[in-house]
Structures are given as structure tokens and as C-alpha cells.
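Secondary and tertiary structure notes
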Amino acid sequence: MSTANTTTCVIGDIHGCHTALIRLLDEVRHRADTIVFLGDYVDRGPDSKAVVTTILSLSSRHPRIVPLMGNHDFLFHQYLMGDDSTPFLQVGGRETLASYGLTLAATREEMRRCVPADHIAFLRSLPLFWEDQHAIYVHAGLQPGRHLSQQTMQWCLWARRSFLASSYNFGKPVVFGHTVFSEPYCTADKIGIDTGAVYGGRLTALLLPEREMISVPRENS
């Protein structure tokens, strides 16, 4: 496929808001050659499992789907692997477990039975960032002055103020989520599209190179 006139659609933090995701995909998927998801598919919202299922299904039907890792997805995978559960449960993990039919008392065997293997593989395989001719895409941010190949998980998944305050030019705009804005944050070198769907805001998609924004309300799932 020639990349000269291709359109990339970028979707911000979903956090289990499955109804909003379906509505937004109905608006944008036919317009995009590539769909990039900025991570945070799980936690806080009502149907994390359905969100992951929909993205996996879309991957088999759309020419190019690029799901990136968010910090909540990382914590969920760590929890499933038996690591410290405290961070995951402190940031909305209970809602994620409930969407899979699990409680805090679930055993490892129950988790293996209730969380599909392809969901675990999905969480494990998520990259930290992606790049095309339009932009660089990452969940939270990038460390100024450091090459893409040297970026760390800490910056890619958790960066906030230090990234936003930096004037470093990565050569392309950096499109990110993680930090919630009431309206998309747009400058020449940074575009933030987490508009807080799970907090009663909206779920936002960005179409590049036009920089067109499309958003839908969360509604109830």
C-alpha cells in the first residue's frame, strides 16, 4: 500500500467504555487505512473484556490495527501473571475483574478459565509506541532528547508534566493519551486525545493528516 495519501485514525483511552468505542468505530473505521489505539483498554469502566474482544475482532477485519500499551493494560497483565495486585486494584482493577466474571477472591485457576488466552497474549504483545509518516504514537509521552529506540517504559506509560512542558522536537508530532483534557490538546508538536470518557467526558478519535477530531459521549454500557 502506498503511504502517500493514507489516513491514520488514533483513538484515545477507552477504559472499558465499550458502548462509546462501538459508536466511535462506526464513525471512523471506514475512513482509516490504519487505526492506532493509544492504550488503557481496561479499568474503571464497565466492560473492559468487551473492549479487548472488539479490538481483537477488528484486527481480523481491518487492514491495519495498531494497539499500543497503556499503563492500566500493563498493570492488568502483571496482575494476571501473579505480581503485586495493589497498583492494579487501586486504579480500577475491580471493574476489570468483574467484566471477566471474577472477584478479588479469584484463584489462579479461575483467572485462567475466565480470561481468554488471546486476551492475555494481546496484553503481553502490546508495543510501547509506533510511528508512521504522520506522527509518533505513545500512551503517555516520550523522554526529550532520547531516541525512540531508547525510550523507557516509565516514560511511555506514565509521563505527564515533564513531557508536556518540554519543547523538544521529535521530528513529527507526538500523539498521546493518559493525561485527561476537557478538549483535545493540540500544538504543533503534541496532540493529546484522552478526553476522559470514563469520567463522564467523551471518547475521541483523531484523523491524520487532516487533524480532524471526532468524539462521542460515553453513554452507559
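Residues numbered from 1 in each chain as written. Predicted model: local features only at pLDDT ≥ 70, side-chain atom pairs only at ≥ 80, totals over all residues. Heavy atoms only, no water.

**Side note on the sheet that holds strand β3 (residues 65-67)**
- What the 5 strands build is an open sheet, ordered β3-β2-β1-β9-β10; its pairing is mixed. Since the sheet does not close on itself, it has two edges, and those belong to β3 and β10 (212-217), each with one partner. Pairwise comparison of adjacent strand axes, ignoring direction, gives a mean angle of 20 degrees for this sheet.
- Both strand β1 (residues 8-11) and strand β9 (residues 202-208) contribute to a ladder of 4 bridges, which runs antiparallel. Each bridged residue has a counterpart across the sheet, and for V10 the counterpart in β9 is L206. (Pairing = 2+ DSSP bridges. Helix = DSSP H or I, 4+ residues; strand = E, 2+ residues; numbered from the N terminus. Axes fitted to C-alpha atoms, helices over the stretch in contact; angles between N-to-C directions.)

**Notes on the pattern of salt bridges**
- Enumeration over the complete set of coordinates arrives at 5 salt bridges.
- The partner of R29 in a salt bridge is D26, with the nearest N and O atoms 3.2 Å apart.
- Since its relative accessible area comes to 32%, R29 is described here as partly exposed.
- E131 is the partner of K172 in a salt bridge, and the nearest nitrogen-oxygen pair spans 3.0 Å. In this pair, K172 sits in the loop between α9 (161-165) and β6 (174-180) while E131 sits in strand β4 (residues 129-131), placing the two residues 41 residues apart along the sequence.
- Exposure remark for K172: the relative accessible area of 23% places this residue in the partly exposed category. (Salt bridge = Lys/Arg side-chain N within 4 Å of Asp/Glu carboxyl O. Buried < 20%, exposed > 50% of the residue type's maximum accessible area, 1.4 Å probe, protein only.)

**Focus: the pairing of β6**
- Burial of β6 is extensive: 6 of the 7 residues sit out of reach of the surface.
- Inspection of the sheet shows strand β5 (residues 136-138) paired to β6 by 3 bridges, in the parallel sense. Within β6, the residue paired with Y137 across the bridge is V175.
- The pairing of β6 with strand β8 (residues 190-194) spans 4 bridges and is parallel. The partner of V175 across the bridge, within β8, is I191.

**Quick look at the side chain of D73**
- With respect to the secondary-structure elements, D73 resides in helix α3 (residues 71-80).
- Despite its burial, D73 remains without a salt bridge, the nearest opposite charge being carried by R44 at 11 Å.
- Filtering out sequence-adjacent residues up to four positions away, D73 remains in contact with G39, D40, Y41, V42, L68, L123 and L126. (Lys, Arg positive; Asp, Glu negative; His and termini not counted. Contact = heavy atoms within 4.5 Å.)

**A word on helix α7 (residues 117-125)**
- Of all the residues in α7, the buried ones are H119, I120, F122 and L123. The arc that holds the buried residues of α7, viewed along the axis, is 155 degrees, so those residues lie on one side. Turned more than 90 degrees away from the buried face of α7, the exposed residues are A117, R124 and S125.
- Buried-residue contacts for α7 involve α2 (48-59), β3 and α3. (Arc of directions from axis to C-beta.)

**Observations regarding the sheet that holds β6**
- Within the open sheet, the 5 strands sit side by side as β4-β5-β6-β8-β7. Their pairing is mixed. Edge strands, defined here as strands with exactly one partner in the open sheet, are β4 and β7 (185-186).

**As for α2**
- Between its first and last C-alpha atoms α2 spans 17 Å; for 12 residues at 1.5 Å apiece the expected length is 16 Å, and the two agree.
- For α2, the complete set of buried residues consists of S48, A50, V51, V52, T54, I55 and L58.
- The secondary structure elements touched by the buried residues of α2 are α1 (18-28), β2 (34-37), β3, α5 (93-99) and α7. (Expected span 1.5 Å × (residues − 1).)

**Topic: the nonpolar core**
- Judged by nonpolar contacts, the single largest core of 59 residues is most densely connected at I11, I14, I35, F37, Y41 and L203.
- Excluding anything up to four places from it in sequence, I11 contacts L24, L25, I35, V36, F37, L38, I193, L203, T204 and A205.
- Among the nonpolar cores identified, the runner-up in size contains 12 residues, and V10, V36, Y137 and I191 belong to it. (Core = buried A, V, L, I, M, F, W, Y, C linked by side-chain atoms within 4.5 Å.)

**Digging into the pairing of β8**
- Taking burial as the measure, the 5 residues of β8 include 5 buried ones, the bulk of the element.
- What you see with β8 is no split at all: K190, G192 and D194 on one side and I191 and I193 on the other are buried throughout.
- The sheet contact formed by β7 and β8 spans 2 bridges and is antiparallel. Bridge pairing in β8 places C186 opposite I191.

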